[in-house]
Structure formats: structure tokens, C-alpha cells
Amino acid sequence: MKKTYLFLVLFLVSCPIGLRAQDALNETFLPLKGEEPPQTLEELWKDFDPRKEPLDTEVLYTWEEDGVEMQVLRYRIGVFKGEKAMMAAIYGYPKKGKNLPALVQIHGGGQYADYRAVLTNAKRGYATISIAWAGRVNAPDYIVDPDKVKLFWEGKTQDPDYKVTTDWGEVDGYHAPSRYSKNSFVELPTGSWTLDPVASPRNNSWFLCTVGARRALTFLERQPQVNADKLGVYGHSMGGKLTVLTTGSDSRVKAAAPSCGGISDRYNEDPLFQATLGDHQYLKEIDCPIFFLSPANDFHGRINDLQKALGEIKSKEWRVACSAHHNHQDNGESEVTGLLWFDQHLKGTFSFPKTPESTLQLRTKNGIPTFSVIPDGSKRVREVEVFYTQQGSEDEERENSINRFWHYAKPTLANGVWTAELPLASTDKPLWAYANVVYDIDGPVVGAGYYYRIYAANSFHLSSRMHIAGPQDIQASGSKISLRPTRLIESFNKDWEKEWFTYKPETWERKTHKVYNGVWKAPKTAKLAFEVKVPRANTLVVGIDAYGTEVELPHSTKWQKVVLAPSDFVNAAGETMEDWEGIMELRFGPNDTLRVGGEEPKTKNLGGDWEGEKPRFRNMKWL
């Protein structure tokens, strides 16, 4: 990596907040003069022209890496209460690139603007700006963590750790932490730092950050390397919501890919918040191609709300990717869909298959519902996966959203239709079912994932719509209970990994929510038993929720039986598990980190590096 160090020592850059020269700046938003604050999305944005003000771009640091020109910079967000607000960001593009499609990447809560997203996109032919709306920046030799953000807003320029970053001036768009303790993303606060003296959507941080994202579009369209008609937006979690807010308020966005956000913030009790900042208001304005990346167990972008969102958007060009079991994280074959979406709609180098056709049939001869899928055959189909659960609900609690178990139903192919039976454990609970069609990619696609982990995907999955049937429909169809409680949790045969998951695909660790499902509920006096075979002596870590235990395994060519009681499991505070009641997640792995929150948070590391080949398991049961 070739680096060139360029620090521009400018008066505007080096002066602390509150000491910058005032140059008769015009306010971005006119103050309220007796009138009520904006009451609708249209009123909120009607007087904002994201192209009107100069960008006042400041380059803070530059380097070149793998043929990519990279910069840490700032641009003007706006002028609020007499102070200029500046957004820190990382910008990059392939060296000598021309007429490039360009992307705005928006980080999530607690995250950073990160050079890895910019770098990997540039290698694929995009210019990208990763905006640091919360002030945090991750670039080689230019790192701004939360402590440095605080140093910046406190104006401690003499501190050796001081770094220039996002400056919200007299307002507060920071997060984790916010500059002002009473600032809020979920309320319409009022205070000395807010634009309006009354409860107003213009006081909310979602609004301010969306202003910053729309100004990032202005930055991109003015770069000589960029094709201003080929702009896209994507982001994760809070960045997913900001993707929807930006796309729904700015017609310059030609393609969008929100992940884990932008579909669920519709239940705020404040009607003014809902009318001006609720996700659904912006979804209704989206008419460009949009791809929703929505893990099935996500707490922030809940999958039941995804079905509502698909009925609200104006655009007919949409797709979804819903990986089973995952919460707020994903695997490469899901994450890559966003990149491929931009390839199709900004570069014209890819063509997505259509959303799979799907049918839920409740009334069958044997009383077992079926789910049928017809995938678009325009690309090679690697496999079809059918998932279903009876732990879904319309008004979901966070705990259930995260931990519900998705049964895998293996489909069979006949005459171009893939069909799977869905054995039910109850006729008194709803049934949710959908399918993932896994397609091959011609060559690996490399990207930076939700948390900037670099992945290489050789396939991608495309999800069908979710089909939901209520208990009345199930009972009326004559469906029968055919899935009975069992003490055998896992045989580890055939497709067992379809009902387990991992956030570390490079390791053999696996997790499952089977134990949260009534079919595999632990009897009160039971012990957890399984057999394992290891090629070398190793330490196996078994985790259940916040508890874990180490199992020392000597080298043996034979199967070794392991039997564990609740008292074998301890948490980071050294407390033992009392019983199996209410357990939600079971984990196997070479290591684990246990955490206990509260006023004095604690962590405990279990296990270590694994030696040799991965272990083999069989016959996990309640004994």
C-alpha cells in the first residue's frame, strides 16, 4: 500500500467548536416564527435544496492503496443556528476512473465510516463516500473513536489524540454517545442545541443525519470521476433507516439497498414523529429499484414489517434476501446481493433473477401443509431452501424476534416446481413460510460486509415473499399436528446445518435456536448429552445463552460421550445456571466470550485455538 501523507493545516480545520470565524452565513433552514413545525414529510423537506450551499470541502488525509485514490475529508452539511456543520467522510475511487457509478455508504449505530467499504467498492469500479454521521472514522493512520469524537467537540486541540472529525456545530447528530444527554433519535427533543424551540421533526437526529446523507449525494455528483446520474445508497441498521429516509426524500438516488433497517420504525407513539420520520412515510415515496437485506431474526428490521414495506413502495423493481436464524448480522451470500443490485442498476453488468414464485398450500390429502417454489431459471440454481416457523407474531417482542426457530424443510423437484412438506407442532399458532433460492455467481465477488468484514461470495440467495397463515385458516384447512415433542435435539445427519447458523464462517462453530422451540424443550430434570469425535486433544466450548462450559476432550479414535447438567454452565460473573427453563440459544465452538452487563460489566473468555480437523458430533439429546 502506497501512502502519501497530506494534512492541510487550515484555520477552519484546527479551530475548536465555537471559535471559528463567522462569515455572514445564511441559515440552511429558516427559523420558526410563530408557525407550527412541519407536519408531514412534504412540509419537512419542501424548502431544502441539497445543492444550494457550497460544499466547502476540506481534505484531511490522502493515500493510495491497490490502485485506489483514498481521502479522509469533510464537506459542509449546512448552517444551523449561525454555525457551519461539517461531515467527516472517507472518499475513494479507482485511480484514473471516469464516468463512475457512485455510492453513499451509511454506517449503523456504534459503527464508523470505514475505508474497507470504500476500497472494496473501488476495486469493483465504484466511487464511494462513507459518511461519519456519528463522528467515528476508521482509516489507516486516521482513526477517530468515541473518545476522540468527544475531544473534538470539547475543542481540546492540544491533546495528542485530537483528530478533526464531523462537526455538528450548534445541533447534535452524534450517536453513541450524543453530545447532549437529552438528544434523541426516538423523540422530538427541545433544547439549546435544537433547531426549533418547540417539539419538531427538525430537532430529531434522523432528520439531521438525512440532511448530511443528501449532501453526500451532492458531493458525489460534483466529483469529476462520477456519473451524476448513477448514484446509489446503502447502509446497515441505523444506516438502513437512513438509506430509506434518504432514498424517499431525494430523487437523485437511482438504486438503494438498506439492510436491517428502514422497514420497522412505524410504531413510535408520537403522531408527529410518525407523520414526518416514520419509515413507512418514506417507503411510500420510493420509486427507484430497492433491495431489502432482512435477516429473518433481526430485531431492528423485523421481517413481518418487510411484508408491509413491499406493499408500500412505489417501485415495482425490488428484491429481498432473508437469511434464516440471523439477527443483525449476515453471511456473504446474503450481503453480496446489495453489491450485485448496484451492478445491475448502476453499471448494467448484472441481471437479477425474478423473485421466486411461491405458494403455501394448507389443505392437503395427508393434513401436512406444503410450500411450493418456482425459481427464475435465468441463472444457475444451486439449491432451494424452504424455512418455516410457528413462533412468529404480528406484534413481536424483541426476544421472540431474535430467538425464534426456523425449521428447514427439504424440497423435492418435479416438473420445475420445488415442493416441501411443513410438519406442524400446533394448529393453534400461526405459520410463517418462505424460500431462499441459492444461485451461483460466475467468479467470486469480494465486498465489505455489515461490519466491514471482508468476504468473497461465490453464490447469492434470493428470497420469496413470506406467506403467513393464521390459526383459523390452519384449523379450517384440516391440517394436522405431525411434529411431536422429542428429546433428540440433533442427529447431525444430512442437512442439519440448515437449522444451525454462524457469524464466523471461517470456523466450525455453530449455533441453534432449536432449544427455544417447544418441540425440543428440555425436561426439568434432564441433562444435555451428545457424542463427539476429535482427531486431537482439544477443549470444546458449549454455550447456552449467557452461560458456557469447557469440555476437555482427550485424543481418541472413538466417540466420546459428554453429559452436562445446568450446574456445569457458568456466566461471566461466575454464577451457575439453575435450570434449563427459558433457554434460547445453544452453541458449539472452539472458544466463546461470555458477557454480563449492568453497572459493572464483566467478560469471561472460554476455550482457545482448535488443533487439527474440526470435530464430529452425533446424537445430541435431553437425557
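One structure accompanies this document, and this report is about it.

The rules behind the values
- Residues numbered from 1 in each chain as written.
- Predicted model: local features only at pLDDT ≥ 70, side-chain atom pairs only at ≥ 80, totals over all residues.
- Heavy atoms only, no water.
- Helix = DSSP H or I, 4+ residues; strand = E, 2+ residues; numbered from the N terminus.
- Rg over C-alpha atoms; globule rule 2.2 N^0.38 Å.
- Buried < 20%, exposed > 50% of the residue type's maximum accessible area, 1.4 Å probe, protein only.
- Contact = heavy atoms within 4.5 Å.
- Areas by Shrake-Rupley, 256 points an atom, 1.4 Å probe, with all protein chains shown as cover.
- Lys, Arg positive; Asp, Glu negative; His and termini not counted.
- Charge placed at Lys NZ, Arg CZ, Asp CG, Glu CD.
- Pairing = 2+ DSSP bridges.
- Axes fitted to C-alpha atoms, helices over the stretch in contact; angles between N-to-C directions.
- Salt bridge = Lys/Arg side-chain N within 4 Å of Asp/Glu carboxyl O.
- Phe/Tyr/Trp six-rings, centres within 6.5 Å; stacked < 30°, edge-to-face > 60°.
- Lys NZ or Arg CZ within 6 Å of the ring centre and 35° of its normal.
- Parallel < 35°, antiparallel > 145°, perpendicular 65-115°, else oblique.
- Left-handed = near helix turned anticlockwise from the far one by under 90°.
- Patch = residues over 30% accessible without salt bridge, like charges linked within 9 Å, V, L, I, M, F, W, Y side chains within 5 Å.
- Disulfide = S-S within 2.5 Å.

Some remarks on the overall build of the chain
Line of reasoning, step 1. Secondary structure assignment for the chain yields 12 helices and 31 strands.
Line of reasoning, step 2. Computed over its C-alpha atoms, the radius of gyration of the chain comes to 26 Å, within 12% of the 25 Å expected for a compact globule of 623 residues.
Line of reasoning, step 3. Along the first, second and third principal axes, the C-alpha atoms of the chain reach 75 × 50 × 50 Å.
Line of reasoning, step 4. The proportion of buried residues among the 623 residues of the chain is 59%.
Line of reasoning, step 5. Taking the contacts inside the chain whose residues are at least 6 apart along the sequence as the reference set, 72% of them involve residues at least 24 apart.
Line of reasoning, step 6. For the chain, the accessible area works out to roughly 25,900 Å², and carbon and sulfur atoms hold 48% of it.
Line of reasoning, step 7. In the chain, 76 positive and 81 negative side-chain charges are present, and the distance between their average locations comes to 5 Å.

Describing the side chain of His 345
Line of reasoning, step 1. Position of His 345 among the secondary structure elements: in helix 10 (residues 332–347).
Line of reasoning, step 2. Taking relative accessible area as the criterion, His 345 reaches 18% and is therefore assigned buried.
Line of reasoning, step 3. With sequence-adjacent residues up to four places away left out, His 345 is seen in contact with Lys 230, Ala 255, Pro 289 and Glu 317.

Focus: the sheet that holds strand 13 (residues 357–361)
Line of reasoning, step 1. Pairing is antiparallel in the open sheet, where 4 strands are placed in the order 13-14-18-17. Edge positions in the open sheet fall to strand 13 and strand 17 (412–414), since each of these has one partner strand only. Across the sheet, the axes of successive neighbouring strands diverge by a mean angle of 25 degrees, strand direction being ignored.
Line of reasoning, step 2. Two strands pair when backbone bridges link them, and strand 13 and strand 14 (residues 370–374) are joined in this way by 5 bridges, in the antiparallel orientation. Of the residues in strand 14, the one forming a bridge with Ser 358 is Val 373.

Looking at the pairing of strand 14
Within a regular strand, side chains alternate between the sheet's two faces.
Line of reasoning, step 1. The buried fraction of strand 14 amounts to 4 of the 5 residues, a majority that puts the element mostly inside the structure.
Line of reasoning, step 2. Pairing of strand 14 with strand 18 (residues 417–421) involves 4 bridges; the strand directions are antiparallel. In the sheet register, Ser 372 faces strand 18, and the bridge partner there is Thr 419.

Thoughts on the pattern of salt bridges
Line of reasoning, step 1. Within this structure, the stated rule accounts for 34 salt bridges.
Line of reasoning, step 2. Between Asp 250 and Arg 214 there is a salt bridge, with its nearest N and O atoms 2.9 Å apart. Of the two residues, Asp 250 is situated in the loop between helix 6 (238–249) and strand 10 (253–259) and Arg 214 in helix 5 (residues 205–221); the sequence distance between them amounts to 36 residues.
Line of reasoning, step 3. For Lys 410, the salt bridge is made with Asp 495, and the minimal N-O distance between the two is 3.6 Å. On the criterion of sequence distance, the pair formed by Lys 410 in the loop between strand 16 (407–409) and strand 17 and Asp 495 in the loop between strand 22 (488–490) and strand 23 (510–512) is long-range, its members being 85 residues apart.
Line of reasoning, step 4. Each of the salt bridges in this network shares a partner with another, and the network as a whole consists of Arg 51, Arg 214, Glu 221, Asp 250 and Arg 252.

So, the packing of aromatic side chains
Each aromatic ring pair is described using two quantities: the centre-to-centre distance and the angle formed by the ring planes.
Line of reasoning, step 1. Counted by the stated rule, this structure contains 42 aromatic pairs.
Line of reasoning, step 2. Here the aromatic rings of Phe 569 and Trp 580 are separated by 5.9 Å at their centres, their planes lie at 75 degrees, and the arrangement is edge-to-face. Within this pair, whereas Phe 569 is found in the loop between strand 27 (560–564) and strand 28 (586–589), its partner Trp 580 is found in the loop between strand 27 and strand 28, the two being separated by 11 residues in sequence.
Line of reasoning, step 3. Exposure remark for Phe 569: the relative accessible area of 0% places this residue in the buried category.
Line of reasoning, step 4. In this structure, Arg 398 packs its charged tip against the face of Phe 299, placed 4.3 Å from the ring centre.
Line of reasoning, step 5. Its guanidinium or amino end placed over the ring of Tyr 408, Lys 498 lies 5.9 Å from that ring's centre, counting from NZ or CZ.

Some words on the packing of helix 5 against helix 6
Line of reasoning, step 1. Following both chains from N to C, one finds helix 5 and helix 6 inclined at 65 degrees, their axes separated by 9 Å at the closest point. One finds that helix 5 runs roughly perpendicular with respect to helix 6. Here helix 5 and helix 6 pass one another in a crossing that is right-handed. Of the residues in helix 6, those in contact with Trp 206, Cys 209, Thr 210, Ala 213, Arg 214 and Leu 217 of helix 5 are Met 238, Lys 241, Leu 242, Leu 245, Thr 246 and Ser 249.

Notes on the sheet that holds strand 23
Line of reasoning, step 1. The 4 strands are arranged 23-28-25-26 in an open sheet whose pairing can be described as antiparallel. Here the strands that pair on one side only, and so sit at the sheet edges, are strand 23 and strand 26 (547–553). Pairs of neighbouring strands in the sheet enclose a mean axial angle of 15 degrees, with direction left out of account.
Line of reasoning, step 2. Across 7 bridges, the pairing between strand 25 (residues 538–544) and strand 26 is antiparallel. Within strand 26, the residue paired with Thr 539 across the bridge is Glu 552.

Digging into the side chain of Ser 334
Line of reasoning, step 1. Turning to its location among the elements, Ser 334 is positioned in helix 10.
Line of reasoning, step 2. Here Ser 334 is in contact with Leu 293, Ala 321 and His 461, once residues within four sequence places are set aside.

Observations regarding the pairing of strand 3 (residues 83–94)
Line of reasoning, step 1. The element strand 3 is largely enclosed, with a buried count of 12 among its 12 residues.
Line of reasoning, step 2. A two-sided burial pattern is seen for strand 3, the buried positions comprising Glu 83, Ala 85, Met 87, Ala 89, Tyr 91 and Tyr 93 on one face and Lys 84, Met 86, Ala 88, Ile 90, Gly 92 and Pro 94 on the other.
Line of reasoning, step 3. As judged from the 12 bridges shared by strand 2 (residues 68–80) and strand 3, these two strands associate in the antiparallel manner. Within the sheet, the bridge partner assigned to Phe 80 lies in strand 3 and is Glu 83.
Line of reasoning, step 4. Counting the residues that bridge the hairpin from strand 2 to strand 3 gives 2 residues, and of these Lys 81 lies at a positive phi of roughly 55 degrees.
Line of reasoning, step 5. In this sheet, strand 6 (residues 127–131) lies alongside strand 3 in antiparallel orientation, the contact comprising 4 bridges. Each residue of the ladder has a partner; that of Ile 90, found in strand 6, is Ser 130.

As for helix 9 (residues 303–312)
Line of reasoning, step 1. The element helix 9 is extensively covered by neighbouring structure, given that 7 of its 10 residues are classed as buried.
Line of reasoning, step 2. Within helix 9 the residues assigned to the buried category are Ile 303, Asn 304, Asp 305, Leu 306, Gln 307, Ala 309 and Leu 310.
Line of reasoning, step 3. Among the structural elements, helix 8 (279–283), strand 11 (290–293), strand 12 (318–321) and strand 19 (431–448) are those in contact with the buried residues of helix 9.

Quick look at a negative patch on the surface
Line of reasoning, step 1. Taken together, the side chains of Glu 35, Glu 36, Glu 42 and Glu 43 present a region of like negative charge at the surface.
Line of reasoning, step 2. Its place among the elements puts Glu 42 in helix 2 (residues 41–45).
Line of reasoning, step 3. Judged by its relative accessible area of 64%, Glu 42 falls in the exposed class.

Looking at the state of the cysteines
Line of reasoning, step 1. Evaluation of the coordinates by the stated rule reveals 0 disulfides.
Line of reasoning, step 2. With no disulfide of its own, Cys 209 lies closest to Cys 260 among cysteine sulfurs, the gap being 18 Å.
Line of reasoning, step 3. Left without a disulfide partner, Cys 260 is nearest to the cysteine sulfur of Cys 322, which lies 10 Å away.
Line of reasoning, step 4. Look at Cys 260 and you get buried, because its relative accessible area is 1%.

Quick word on unusual backbone geometry
Line of reasoning, step 1. Between Ala 176 and Pro 177 the backbone carries a cis peptide bond, its omega angle lying at 5 degrees.
Line of reasoning, step 2. Examined against the element boundaries, Pro 177 turns out to sit in the loop between helix 4 (146–153) and helix 5.
Line of reasoning, step 3. The residue Lys 81 is not glycine, and still its phi comes out positive at about 55 degrees.
Line of reasoning, step 4. Along the chain, the position of Lys 81 falls in the loop between strand 2 and strand 3.
Line of reasoning, step 5. Of note in this structure, Asn 415 is not a glycine but carries a positive phi near 55 degrees.
Line of reasoning, step 6. Relative to the elements of secondary structure, Asn 415 occurs in the loop between strand 17 and strand 18.
Line of reasoning, step 7. Residue classification places Asn 415 among the exposed residues on the basis of a relative accessible area of 81%.

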